[in-house]
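Here is how the chains run, residue by residue.
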Amino acid sequence: MHMQQMPPMPPTIRQQQQQHAASRLQMQNFANALDALAVLDHVYIKQRIEPLECLCGCETQNNYDISNKERQQLFHVTEKSGCCTRICLGNCRPWEMIVTDINKRPALRLHRPMRCVYRCCIVCCSCCAQELNVFDSAHQDRFVGKIEQQCSCCDPLLHVKDAGGNVLYKIVGPTCACRCCSDVRFKVLHADADNDRRPVSTIGKKWGGLIVEALVDADSFGVDFPMNMAVDHKTLLMSSVFLLDFAFFEDNSARDGCDCDG
């Protein structure tokens, strides 16, 4: 008789602690926190569920965990923004994201100025286009590069630029990036995408299920990139997730509540 294979059991608390300890030990082997990206071809980014936001609809500062394929945590990301901007501006608000490794060493500082997220504004006025500046905190805030949204009537288009302003990659999304009941995939193309449409990398937003998507503002993303890609390039693609999250997936309804988190 054929026995049906049982699905794998979720890790116990002890197993999670062991995985966390292994990740901490692994990160200690890198002089710079971002050097861990050199040996990765995938990162998993998950927004933490904020209990206060779920219970009373207050817009709180976002927190994310970044892990590898084995779900071993590598980095923690904390939003820094003002309480008034979260109440009044919602997902248009300016913010900084502070990225640290699990040993609490500084890794990145991400800065996003205030921008309107409505496509009609972006098409009509380029100054409303989304922008994210990326700095290497481990090396005296070295400017790594930026991600800039381009005016586009149809598919979302963002340019990934190095510190010198040169376009490295183009991120192209589906026409309806906030589609429900399915995963959403963004393609990362070469800068010369007109001649080469083969994706270099992919950024995916995982559909969390009807109940989770309706009740909880906590998104999950995966980023795939070649193992031999430069660390700065991997850093920029990983950082672009936070801009995509606010531009297309951040729930704006919490602005109607009062904020109680800073």
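The structure under discussion appears in the preceding block.
The rules behind the values
- In every chain, residue numbers begin from 1 and rise along the written sequence.
- This being a predicted model, a pLDDT of at least 70 is required before a residue's local features are given, and a value of 80 or more before pairs of side-chain atoms are given or counted; all residues contribute to the totals for chains, interfaces and linings.
- Heavy atoms throughout the structure, all of them, feed into the side-chain values; hydrogens and water do not.
- Only buried Ala, Val, Leu, Ile, Met, Phe, Trp, Tyr and Cys residues count toward a nonpolar core, and they belong to the same one when joined by side-chain atoms within 4.5 Å.
- Here the term buried applies to any residue with accessible area under 20% of the maximum for its type, exposed to any over 50%, and partly exposed to those in between, with areas from a 1.4 Å probe on protein chains only.
- In this description a helix means any DSSP run of H or I spanning at least four residues, a strand means any run of E spanning at least two, and both kinds are numbered starting from the N terminus.
- Contact criterion: two residues are considered in contact whenever any of their non-hydrogen atoms come within 4.5 Å of each other.
- One less than the residue count of a helix, multiplied by 1.5 Å, gives the span that helix is expected to have.
- Bending is quantified residue by residue as the angle between axes fitted to the seven-residue window ending at that residue and the seven-residue window starting at it.
- As used in this structure description, the phrase polar contact means that two N or O atoms lie within 3.5 Å; if the pair is within protein, one of them must be able to donate a hydrogen and the other to accept it, and residues adjacent in sequence are counted only when both atoms belong to side chains.

(A) Inspection of the nonpolar core at higher detail. One finds F75 and L110 to be the most contacted residues of the largest nonpolar core, which totals 46 residues. Of the residues forming this core, the biggest block, 11 residues, is contributed by helix 6 (residues 231-249). L110 has contacts with W95, E96, M97, V99, L132, N133, V134, S239 and F242, leaving out every residue within four places of it along the chain.

(B) Quick look at the side chain of D65. Within the secondary structure, D65 sits in strand 2 (residues 63-67). Ignoring sequence-local partners within four residues, the contact set of D65 consists of Y44, I45, K46, R48, Q73, F75 and H76.

(C) Inspection of helix 6 at higher detail. With 19 residues, helix 6 ought to run about 27 Å at 1.5 Å a step, and its terminal C-alpha atoms sit 27 Å apart, in line with that. Of all the bends in helix 6, the greatest, near 25°, is centred on L243. Judged by how many residues are buried, helix 6 sits mostly within the fold: 16 of 19 residues are covered.

(D) Here's a closer look at the environment of V184. Looking at the element boundaries, V184 is found in strand 10 (residues 184-190). In this structure V184 comes out as buried when scored by relative accessible area, which is 2%. Through-space distance from the C-alpha of V184 to that of K206 is 6.7 Å; in sequence the pair is 22 residues apart.

(E) Highlighting the environment of E131. Mapped onto the fold, E131 is located in strand 6 (residues 131-136). Those residues within four positions of E131 in sequence are excluded, and the remaining contacts are H111, R112, P113, R115, K146, I147, E148 and L243. Within the structure, the side chain of E131 is placed 3.2 Å from the side chain of N133, a separation counted as a polar contact.

In short, shape yes, function no, at least from these values alone.
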